[in-house]
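Survey of secondary and tertiary structure
The residues making up each chain are set out below.
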Amino acid sequence: MAIRPMESSGQCESELAAAEVALPELLAPAGGLDQMLAAIAAGADAVYAGLDGFNARVSAHGFSDDEFARGCAVAHAHGVRVYVTLNVFVFDDEFADAVALGAHAHALGADALIVADAGLACALRAAIPGVEIHLSTQAGAHSEGAVQLAAKELGVERVTTARELSVAEIETLCATGVPIEVFCHGAICIGYSGACEFSALRRGRSAMRGDCTQPCRLSYDLVDEEGQSVVAVEGDRLLCPRDYLGIAHLPELVAAGVASLKIEGRMKNPDYVFNVVRVWRRALNMLRDGTWDADAVPALERELGRSFNRGFTDAYLRGRSGAELMSFERAINQGVRVGHLVAVGHEEVTVELDAAVAAGDTLEIRFYPGADARPDVPKRWPQVPCPVDAAAGERIVVHCKRKVDAGCEVYLIRSAGVLGQTATVLERMRVEADAVAPAERSVEVLPFEGVLADGDVPTELVEPAEPAKHEAFARMVFAWELMDLDPRDEWDLSDATVVLDEVCRAGDAERARALMQRAGRVVCRNLGQVAMARELGTTFDVAAPVFCANRATLAWLRGLGAGWVYLPAELLSNDRERIAELTAEPGVLGPIDADRPELMVCEHCLLTAEGVCATDATGQVRCRDCLRRRQVRYLVERDGTRLPVAIDACGRTRIFLS
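Thresholds, definitions, all that
Residues numbered from 1 in each chain as written. Predicted model: local features only at pLDDT ≥ 70, side-chain atom pairs only at ≥ 80, totals over all residues. Heavy atoms only, no water. Salt bridge = Lys/Arg side-chain N within 4 Å of Asp/Glu carboxyl O. Helix = DSSP H or I, 4+ residues; strand = E, 2+ residues; numbered from the N terminus. Buried < 20%, exposed > 50% of the residue type's maximum accessible area, 1.4 Å probe, protein only. pLDDT = per-residue confidence, 0-100. Contact = heavy atoms within 4.5 Å. Pairing = 2+ DSSP bridges. Axes fitted to C-alpha atoms, helices over the stretch in contact; angles between N-to-C directions. Core = buried A, V, L, I, M, F, W, Y, C linked by side-chain atoms within 4.5 Å. 1 Å grid on protein atoms, 1.4 Å probe; cavity = no way out; pocket = protein on both sides within 12 Å on 5 of 7 lines; lining within 4 Å. Points joined across faces, edges and corners; volume = space filled by probe spheres on them. Nonpolar A, V, L, I, M, F, W, Y, C, P; charged D, E, K, R; others polar.

Some remarks on the pattern of salt bridges
- Under the definition given, this model contains 55 salt bridges.
- Linking E364 and R330 is a salt bridge whose minimum nitrogen-to-oxygen distance equals 2.8 Å. Of this pair, E364 sits in strand β14 (residues 362-366) while R330 sits in the loop between β11 (312-313) and β12 (336-345), and the two are 34 residues apart along the sequence.
- Take E364: its relative accessible area is 1%, and that puts it in the buried class.
- Residue R330 is classed as buried on the basis of its relative accessible area of 8%.
- When the shortest N-O distance is used, the salt bridge between E603 and R652 registers 2.7 Å.

Dropping the structure here:
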């Protein structure tokens, strides 16, 4: 699928051509030593990896200490930086181990640590002199206020923003002067990162702890109050997005001033890392050399499509989040289109190519029954080996036993060329890695107020000033519901606690500010709202997705001025014993949504699975006036469990525990 850049990209290209291009860092994933070596060889400026636990991909155990140290040595010899992910939320009894792991990673050669937990960030900064900390996307920084608060109050050197942001929003965050890291390529979580408890509450495995079961990739039905399916799209992967592809927007992202372009994929193979990094490197070099041309984008996208992908989308960068974002049919590799069938014979087919293929490539033929086919005729996607090298425009004969028809599209889903090139590069890079003699740095580790000694946080750090009596604001209302319940802002909220939305982007700021000025008290659920409440002098509490799992984070939140702190539902569901001391602290309460636990919030409107959105006379989609939103809907899991669905007036989806 060719992705068109935004209309303003031509202006960005001319601006870049007229000035010295300051290229952002190209940041690559490394699930193991081979992936790290592949990224270095392909032209990455930095790599990020996990060591042992405490990272958002707990199953990515690809490094021994010796391998990581050698990888760092090779990286540094090539001018490549190395970051280690400690981007999960930790419990009090884990603090000593988490800080020790950060210090150990630093000693082995890591240049920076990527952290989501505010308490852990404070501990690492206090315990490891001079450590560089980047704020993970799991922390949910969507706005200028959140970015500035993270830089000032946590002292982070860089902030990784949400995937959902548009180019314009990214540019605004870059203007804060805080280095901004954005995702540019790879898999997308359909829920806002840091705001999803689906896996934890339904499967007992927490995404906040790096153990997500990926419920967004599973099959679902969407039904009405009577249990009748309302799905109109082809497919049942109703929560499965396509993969992020921002290469068409590269000039805009560079002009916006992003500090780093991040490729997702610490669970991916070395050939994925090598191919994706080298294509992005080529594109960046084109900008640097003044040879960038928007006409080159389809060829770059085609090269990227030769590695694992679920189809591609740039919807978020264009400020969109509708059905074009989604891969409703399949949650697996979809490859890249290379041709179509022009003839079908006995156990063989003729493919007319519109892109080059090579002997050993794996091709997939996509057969869909026609409108006149019997209902029991299935879709078929036979995978067949490509027998020869051939160029675009040629025809090749391929062996295929499965029943298919002329006209079927053919996709390349496994590139022999990419695999071969990766193998050759790795052979050379492994020799280099074997030859280095890494020297472990000497890292001084200072105590963080007793954390390293016994995992405890001293009392003086967490004793709050007594919050205002909660009973005084017993009436609690959720901001996203107020958009419909109080559309003209007429209600008196002076005696109410307003629970703000989980998301606080540029378009949400004015409404959030107005509610803070009307409410007797607010519950902030985003760092941007915390910054805003502090600016306005509003009495505020905090709740997830401002995630608090330990007393160091509790102390930090209290230091910002928070009164009551509501714990995430997943902690009380799965970790009650581990947080017993935390729940005993004054002013710590249970989940804000205890009566209706929220599994997920996403920018995508799930109701687009029912068909194209209605538009007004100007052709604009007006979510506030949508009639579908007024109807009862349930997302149905394979076991029949019905999960209530709500769509707010902004078009965001919330899914709740049944």
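That covers the picture; the talk isn't over yet.
Notes on the confidence of the model for the protein chain
- Per-residue confidence for the protein chain averages 90 on the pLDDT scale, and 91% of its residues sit at or above 70.
- The model gives residues 1-9 a pLDDT under 50, and that stretch makes 25 contacts with residues more than four places away or in other chains.
- The low-confidence segment residues 450-470, where pLDDT is below 50, has 39 contacts with residues more than four positions distant or belonging to other chains.

Section: the sheet that holds β14
- The strand order across the open sheet built from six strands is β15-β14-β17-β12-β13-β16, with neighbouring strands paired in antiparallel fashion. Where the open sheet ends on each side, the last strands, each with one partner, are β15 (383-385) and β16 (395-399). If you compare each strand with its neighbour and ignore which way they point, the axes differ by 40 degrees on average.
- In this sheet, strand β17 (residues 409-414) lies alongside β12 in antiparallel orientation, the contact comprising four bridges. What sits directly across from H340, in β17, is E409.

Here we look at the nonpolar core
- Residues F68, W280 and V498 are the most contacted members of the largest nonpolar core, which totals 168 residues.
- Considering every element that reaches this core, the biggest residue donor is helix α10 (residues 270-289), with eleven residues.
- Counting 21 residues, the second-largest nonpolar core is a separate cluster that includes L341, A355, V357 and A390.

Remarks on empty space enclosed by the protein
- One pass over the structure, following the stated rule, counts five cavities of 30 Å³ or more.
- One number sums up the size of the largest cavity: a volume of about 210 Å³.
- If you trace the largest cavity, you find 25 residues lining it, with A139, L527, P545, V546 and F547 closest to the centre.
- It is helix α18 (residues 551-560) that contributes the most residues to the lining of the largest cavity, three residues altogether.
- Looking at the lining of the largest cavity residue by residue, the classes come out as 15 nonpolar, seven polar and three charged.
- Estimated volume of the second largest cavity: approximately 130 Å³.

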